[in-house]
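Below, each chain spelled out in residue letters.
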Amino acid sequence: MSDDERPERPLPELRASDADRERVVERLRDGLAEGRLDMEEFEERLEAAYKSRTYAELEPLTRDLPAVAGSTSPSASARPAPMAGGSGWPARIGGTGTSTTAVAIMSGFQRKGRWTVPARFDAVAFWGGGELDLREADFAQREVVINCIAIMGGVEITVPPGVAVDVRGIGIMGGFDQRYGGEPVDPDAPRVIVTGFAFWGGVGIKVKSPKRPKGPSLRKEL
């Protein structure tokens, strides 16, 4: 069989990676938030996903769920890489959100690397925790809202320098910790509004520069 005739989908017997399992778990969480799965179905499939060892075990878990919205958008690898210091912002604003919801119920969620923040993103942590890293993210529009519900759990949001952050959340025996203040705002950068509710939990917002890609050494041998 030639290379052109080989199927693009991975062979069922191949071992799945942690990233493969996390993609399935993310889709299951979206299915729960969208009302396509009830809690019992979600918990059964979640357990099965983390126990899966091969693609053949993972594939049935999301077979009856529709494709993620925005899956037809240009791939992250085709987009220009984000640069430190807020430069290149116009190229990173616009498009369709990668996902709109993240749910952690006695578990955790993570959004990091190349993804697109939608106009509104809902993050729910109940006896669990979540991480939203926006340092390498694109933004569906110039102003986005991240609504966090943290009940005996927590959500941590990391933004790159230059992004304006407006915290409007309410905490009861919990709080919204904004480790952000005094940093200059880039006029071309997006604005992130953090809303929500924290009860015996917390939402933290911090500023951190994007990781610089590792390139080949420029040192020459004499």
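Residues numbered from 1 in each chain as written. Predicted model: local features only at pLDDT ≥ 70, side-chain atom pairs only at ≥ 80, totals over all residues. Heavy atoms only, no water.

**Some thoughts on the packing of aromatic side chains**
The criterion, for reference: Pairing of aromatic side chains here covers Phe, Tyr and the six-membered ring of Trp, requires ring centres within 6.5 Å, and sorts the geometry by plane angle: under 30 degrees stacked, over 60 edge-to-face, intermediate tilted. Relative accessibility thresholds used throughout: buried, under 20% of the residue-type maximum; exposed, over 50%; partly exposed, between the two (1.4 Å probe, protein chains only).
Taken as a whole and judged by the stated rule, the model has four aromatic pairs. Considering the side-chain rings of W115 and F121, the 5.7 Å spacing of their centres and the 70° angle between planes classify their relative orientation as edge-to-face. This pair shows no difference in class: W115 is buried, exactly as F121 is. Relative to W127, the ring of F126 lies with its centre 5.9 Å away and its plane at 5°, an arrangement referred to as stacked. A relative accessible area of 48% places W127 in the partly exposed class.

**Concerning the environment of G128**
Put simply, the test is: Secondary structure elements follow DSSP: runs of H or I no shorter than four residues count as helices, runs of E no shorter than two count as strands, and numbering proceeds from the N terminus. Contacts were defined at the residue level, with two residues in contact if any of their heavy atoms lie within 4.5 Å.
Mapping G128 onto the fold places it in the loop between β4 (120-126) and β5 (129-133). Separated by 26 residues in sequence, G128 and G154 have C-alpha atoms that sit 6.7 Å apart. Apart from the residues within four sequence positions on either side, G128 is in contact with A104, M106, S107, M152, G153 and G154.

**Looking at a nonpolar patch on the surface**
The cut-off we apply is this: Only residues whose relative accessible area exceeds 30% and that form no salt bridge are eligible for patches; like-charged ones are grouped when within 9 Å, while nonpolar side chains (Val, Leu, Ile, Met, Phe, Trp, Tyr) are grouped when within 5 Å. Here the Shrake-Rupley method, with its probe set to 1.4 Å, supplies the accessible areas, and only the displayed protein chains count as covering residues. By convention in these notes, a salt bridge is any Lys or Arg side-chain nitrogen within 4 Å of a carboxyl oxygen on Asp or Glu.
Taken together, the side chains of M106, F126, W127, M152, I170, I172, M173 and W200 make up a nonpolar region of the molecular surface, amounting to roughly 860 Å² of accessible area. Position of M106 relative to the elements: it lies in the loop between β1 (101-105) and β2 (108-111). With a relative accessible area of 55%, M106 lands in the exposed category.

**What about the side chain of D186?**
The cut-off we apply is this: Two N or O atoms count as a polar contact when they lie within 3.5 Å, although within protein this holds only if one can serve as hydrogen donor and the other as acceptor, and sequence-adjacent residues are included solely when both atoms are side-chain atoms.
Relative to the elements of secondary structure, D186 occurs in the loop between β11 (175-179) and β12 (191-199). Here D188 takes part through its backbone nitrogen, which lies 2.9 Å from a polar atom of the side chain of D186.

**With respect to the pairing of β5**
Rules: Two strands are said to pair when DSSP picks up at least two bridges between them.
In this structure, β2 lies alongside β5, joined through four bridges in parallel fashion. Looking across to β5, one finds that R111 is bridged to L132. With five bridges connecting them, β5 and strand β8 (residues 154-159) associate as parallel partners. Note on β8: the bridge partner recorded for E131 is E156.

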